[in-house]
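Close look at the chain arrangement
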Amino acid sequence: MALEHAILVSLDERAGTGYELARRFDRSIGFFWAATHQQIYRTLKRMVDLGWVTCHEEAGTGRPDRKVYEPADAGRAELTRWLAEPGEPETIRHELAVKVRGASLGDVAAVVAEVARHRGLHAERLDAYRALGARDFPDPSGLTGRRLHQHLVLRGGVRAEQALVEWCDEVLAALREDTRR
């Protein structure tokens, strides 16, 4: 997936400035597709040049004018094309897994500490996803359309983080047992 598609989805949900879009990436869509603020601004410019998004200025009250972006018809057509395009299954590129695999080549205790650190980070992210779910989707049984789709992506994040926490627990137990032998 290109950053352009993530931006089109976000802008279709709600038009906004580059700054607002970057904040959305920091708080929601960025959990699943990361981009720096600089990448977002550079990509928005390219998307305007392609005719995928439009940009209009809104007068600022007491501050500079704001450039507000929203999808153009050509951008919606590109998004429709991309949504219908078959994709490849996701692959896992996991630096921590390579460290675990190579643990016997170095300091196993350092790898154990790194796995424990990752476990804590994944547990924090899991808690954040659950809090988002409780706040944004208190009764998911009646969701339809865009809200259902957003909820399903969040549920995917919850399940992925649960799996990573469980895997870290399994790795920690196994490595600690192995060092006792």
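Note that the structure is predicted; figures quoted are calculated from it, not measured.

Here is what the cut-offs are and how they apply
Throughout, a residue's number is its position along its own chain's written sequence, starting from 1. In keeping with the model being predicted, local features are shown solely for residues with a pLDDT of at least 70 and side-chain atom pairs are shown and tallied solely at 80 or more, while totals for entire chains, interfaces and linings include all residues. Excluding hydrogens and water, the side-chain values take into account all heavy atoms of the structure. Segment limits for the domains were obtained from an automatic or database-derived domain assignment. Whether two residues touch is decided by their heavy atoms; if any such pair falls within 4.5 Å, the residues are in contact. Buried area: the accessible area, evaluated with a 1.4 Å probe, that two parts lose upon being put together, summed over both parts. What counts as a salt bridge is simple: a side-chain nitrogen of Lys or Arg found within 4 Å of a carboxyl oxygen of Asp or Glu. Secondary structure counts use DSSP, requiring at least four H or I residues in a row for a helix and at least two E residues in a row for a strand, with both numbered from the N terminus. Here the term buried applies to any residue with accessible area under 20% of the maximum for its type, exposed to any over 50%, and partly exposed to those in between, with areas from a 1.4 Å probe on protein chains only. Under this rule, positive means Lys or Arg and negative means Asp or Glu; His and the chain ends count for nothing. Two strands form a pair only when DSSP identifies at least two bridges running between them. To estimate how far a helix should reach, multiply one less than its number of residues by 1.5 Å. An arc is given here, and it is the one of the directions from the helix axis to the C-beta atoms. The criterion is simple. A nonpolar core is a set of buried Ala, Val, Leu, Ile, Met, Phe, Trp, Tyr and Cys residues joined through side-chain atoms within 4.5 Å.

This paragraph deals with the domain arrangement of the protein chain. When the parts of a complex come together, some accessible area is lost, and that lost area is often taken as the interface size. If you check the domain split of the protein chain, you get domain 1 (3-84) and domain 2 (95-180). The interface of domain 1 with domain 2 comprises five residues on the first partner and seven residues on the second. Counting each side, the surface lost to burial between domain 1 and domain 2 is near 540 Å², with a carbon and sulfur contribution of 62%. Looking at the side of domain 1 facing domain 2, the largest losses of area belong to E13, F31 and F32, adding up to 87% of the total buried there. In this structure, R146 and D12 form a salt bridge, with 2.6 Å as the shortest nitrogen-oxygen distance.

Moving on: the side chain of R24. Relative to the helices and strands, R24 resides in helix α2 (residues 18-27). Here R24 occupies a buried position and makes no salt bridge, while the nearest side chain of opposite charge, E20, is found at 4.7 Å.

Judged from the two bridges that link them, strand β1 (residues 16-17) and strand β3 (residues 66-71) form a sheet pairing that is antiparallel. Opposite G16, over in β3, you have Y69 as the bridge partner. Strand direction decides the pairing type here: strand β2 (residues 53-58) and β3, joined by six bridges, are antiparallel. Across the sheet, T54 pairs through a bridge with E70, a residue of β3.

All right, on to helix α4 (residues 73-84) then. Counted at 1.5 Å a residue, the expected span for α4 with its twelve residues is 16 Å, and the 17 Å between its end C-alpha atoms agrees. Within the span of α4, buried status applies to G75, E78 and L79. Mapping the buried residues of α4 onto a view down its axis gives an arc of 100°, with all of them on the same face. Exposed and facing more than 90 degrees away from the buried side of α4 are D73, T80 and A84. Packing partners of the buried residues in α4 comprise α1 (3-13).

Grouped together as the largest cluster of nonpolar side chains are 16 residues, with contacts concentrated most on I7, L11, L21, F25, I40 and L44. Elements supplying a minimum of two residues to this core: α1, α2 and α3 (37-50). Top element by residues in this core is α1. It accounts for five residues. Listed in part, the ten residues of the second largest apolar core include L96, V100, V112 and V115.

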